Amino acid sequence: MSPSWNIELRILLGIAILGSLPGAFLGNWHLSLLIPLSGYLLWHLFNLIRLRRCLDLRKRLKPPYPPGLWGEIYQQTVTLQKRGQRRKRRLSRFASRFREAAAALPDAAVIIGEYREMEWANPAALRLLGITWPEMQGQSLLKIVSHPVLEEYLQQADYSRPLELTPPNNKGIVVSLRVTPFGRTQHYLILARDITQLYHVNQTRRDFVSNVSHELRTPLTVISGFLETLVHSDKKLTEHRRALQLMHQQTERMEIIITDLLTLSRLEMDNEERMQEAVAVPLMLESITSEARALSGEHRHVLHLESEPTLWMLGNESELRSAFSNLIFNAVRHTPQRSEITIGWKKSGDNLCLSVSDTGEGIAAIHIPRLTERFYRVDAGRSRKSGGTGLGLAIVKHVLNRHRGELRIESQAGKGSTFSCYFPLELAMRHEPAD
Ligand code: ADP
């Protein structure tokens, strides 16, 4: 028997003895027993009410505790209360850490119930899916992210593959949704990740492959066509001179395209900046200008070179030659005969600047942002005829990126265009010629 039971029995025994003694003397021990027993009962009632009030108000029962069973009940209640509070504190610490972690997530996380009603969402859900929590708690997910593809996906309930979609609240992005059922009741955790960049990279890669195939197919068709004719013909080879000439032209064109493609992929794959060389830009520009004059031939473009003769720069010579010659040859190939072309090389404010201005037809503003895309041409037919591959400005952009430079294009319809390469001034070098 526990000590509290012992005390309780002793109290009862005491009441019985003390209550029955006066009754035995007076001859009415019923009445004399009733009075202390009523007191005992009232004391129990008082303790019950006290316990109930404390539990109701969630207050801690304070000592001193009464002797006997009530003392034990009070003490055990206080122990349970303390344990409960400790658990509550641990849970709330865990919940606030979970909330902080969920708020720091760059991906949207949403919990929905059996009927697709939203139960919880993190802050990123607002940016990616337009869901604000707790304001939208209880609303249907399909009402907020109203998209037939999402509806079908949830209906099919096959979540083995993620779903890619453009959320209706933000048409400029693409998100990948993953749905994971959890818990015994039907609950789902939805994670949405912004994959816009990846999507565009894949798109560009797909376009690129199809463009490359398209570009190489035309020359190949021409060559194989003529070859077939030659194989099946019994005429003398001299009579096929024209065909051979065309085949030669097309193979040269293919070679140029492949060289440009290889240059581009080398620039893309080699991420390291290699700028240790001191590049004699004025001399390089002189040599490119005379090559441009040769390219112009009977079109007689008028080329002016205005460069600071002692201004050199740190960089990769072959890459810079490739970028500058692309800009200068473009000015020759994309402007009418006798147009004036001015090549400038100087310090300009906080930059080093190479500019190529022409007096050609100019480029409509709508094309300018896309000119550095691979195979983007204002007039594809004309560009091919003039020997262009559509890769020149993409190469320029990559070379400039590797030299922390920037390409700016200004153009006015009917007046001409200026392509300028700006480099940081730290790359400048003064080269004084030896006496
Ligand atoms: P391409 O090999 O066709 O020249 P680029 O990438 O070098 O390819 O240039 C892309 C397009 O930009 C050209 O097809 C042409 O339409 C336009 N372009 C480039 N430079 C000039 C210029 N100086 N004047 C007018 N159009 C130009």
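Check the entry above for the structure.
Residues numbered from 1 in each chain as written. Predicted model: local features only at pLDDT ≥ 70, side-chain atom pairs only at ≥ 80, totals over all residues. Heavy atoms only, no water.

## Here we look at the layout of surface pockets
Formally: The method works on a 1 Å grid over the protein atoms by themselves. A cavity is a set of points holding a 1.4 Å probe that cannot get out, a pocket is an open set with protein on both sides within 12 Å along at least five of seven lines, and residues with an atom within 4 Å of a point line them. Grid points are joined across faces, edges and corners, and a volume is the space filled by probe spheres set on the points. Comment: elements are numbered from the N terminus, with helices defined as DSSP H or I runs of at least four residues and strands as E runs of at least two. Three categories are distinguished: nonpolar for Ala, Val, Leu, Ile, Met, Phe, Trp, Tyr, Cys and Pro, charged for Asp, Glu, Lys and Arg, and polar for the others, with Gly belonging to the last. For every domain, the bounds stem from an assignment made automatically or drawn from a database.
Of the volumes computed, that of the second largest pocket is approximately 550 Å³. Lining the second largest pocket are 19 residues, with T204, E268, T372, E373 and R374 positioned closest to its centre. Put simply, the parts of the chain that give the lining of the second largest pocket at least two residues each are α7 (196-232) and α12 (392-402). Here the residues of the lining of the second largest pocket sort into six nonpolar, six polar and seven charged. Composition of the lining of the second largest pocket by domain shows at least three residues from each of domain 3 (198-269) and domain 4 (277-430).

## Things to note about the environment of R161
Short version of the rule: Should any heavy atoms of two residues lie within 4.5 Å, those residues are counted as being in contact.
Position of R161 among the secondary structure elements: in the loop between α6 (148-156) and β3 (163-165). Once residues lying within four places of it in the same chain are set aside, the contact partners of R161 are Y153 and R178.

## Considering the sheet that holds strand β5 (residues 187-194)
The test is simple: The pairing criterion for strands is at least two bridges between them, as found by DSSP. Interaxial angle, 0 to 180 degrees, is taken between N-to-C directions of lines fitted to C-alpha atoms, where a helix line uses only the stretch in contact.
Taken in spatial order, the five strands of this open sheet run β2-β1-β5-β4-β3, and their pairing is antiparallel. Strands with a single pairing partner mark the edges of an open sheet, and in this sheet they are β2 (118-121) and β3. Each strand axis lies, on average, 25 degrees off the axis of its neighbour in the sheet, ignoring direction. Sheet topology places strand β1 (residues 108-112) next to β5; five bridges connect them, and they run antiparallel. Of the residues in β5, the one forming a bridge with A109 is L191.

## Looking at the packing of helix α2 (residues 29-56) against helix α3 (residues 69-104)
When two helices pack together, their arrangement is given by the angle between the helix axes and the distance between those axes. Our working definition: For classification purposes, an angle smaller than 35 degrees is called roughly parallel, one larger than 145 roughly antiparallel, one from 65 to 115 roughly perpendicular, and anything else oblique.
Relative orientation of the contacting elements α2 and α3 amounts to 5 degrees, with a least axis distance of 11 Å. By the criterion of interaxial angle, the relationship of α2 to α3 is roughly parallel. For the pair α2 and α3, the contacting residues are W43, H44, N47, L48, R50, L51 and L55 in the first and W70, I73, Y74, T77 and Q81 in the second. For the contact of α2 with α3, a count of residues per class yields seven nonpolar, four polar and one charged.

## Things to note about the sheet that holds strand β6 (residues 277-279)
Ordered by their spatial adjacency, three strands build an open sheet running β6-β8-β13, and the pairing between neighbours is antiparallel. The outermost strands of the open sheet, each flanked by one partner alone, are β6 and β13 (428-430). The average undirected angle you get between the axes of adjacent strands in this sheet is 40 degrees. Judged from the three bridges that link them, β6 and strand β8 (residues 311-315) form a sheet pairing that is antiparallel. Looking at the pairing, A278 lines up with L314 of β8. In this fold helix α9 (residues 281-296) packs onto β6 and β8, with an angle of close to 95 degrees to the strand it touches most, β8.

## Focus on a nonpolar patch on the surface
Test applied: Here, patches come from residues exposed beyond 30% relative accessible area and free of salt bridges, joined within 9 Å for like charges and within 5 Å for nonpolar side chains (Val, Leu, Ile, Met, Phe, Trp, Tyr). Surface accessibility follows the Shrake-Rupley procedure with a 1.4 Å probe radius. Residue values consider only the protein chains on display as shielding. By salt bridge we mean one thing: a side-chain nitrogen of Lys or Arg within 4 Å of a carboxyl oxygen of Asp or Glu. Exposure categories follow from relative accessible area, calculated using a 1.4 Å probe and restricted to protein chains: below 20% of the type maximum is buried, above 50% is exposed, and the middle band is partly exposed.
Together, M1, W5, L9, L12 and L37 line one region of the surface with nonpolar side chains, adding up to about 510 Å² of accessible area. A per-element tally of the nonpolar patch places helix α1 (residues 3-26) first, with three residues. Position of W5 among the secondary structure elements: in helix α1. Taking the relative accessible area as the measure of exposure, W5 reaches 44% and is therefore partly exposed.

## Here's the deal with the environment of G414
Tracing the backbone through its elements, the reader meets G414 in the loop between β11 (406-412) and β12 (416-424). Taking the C-alpha atoms as reference, G414 lies 94 Å from Q76; in sequence the two are 338 residues apart. Those residues in contact with G414 that sit more than four places away from it in its chain are G360, E361 and G362.

Without other data, these values stay purely geometric and don't point to any function.
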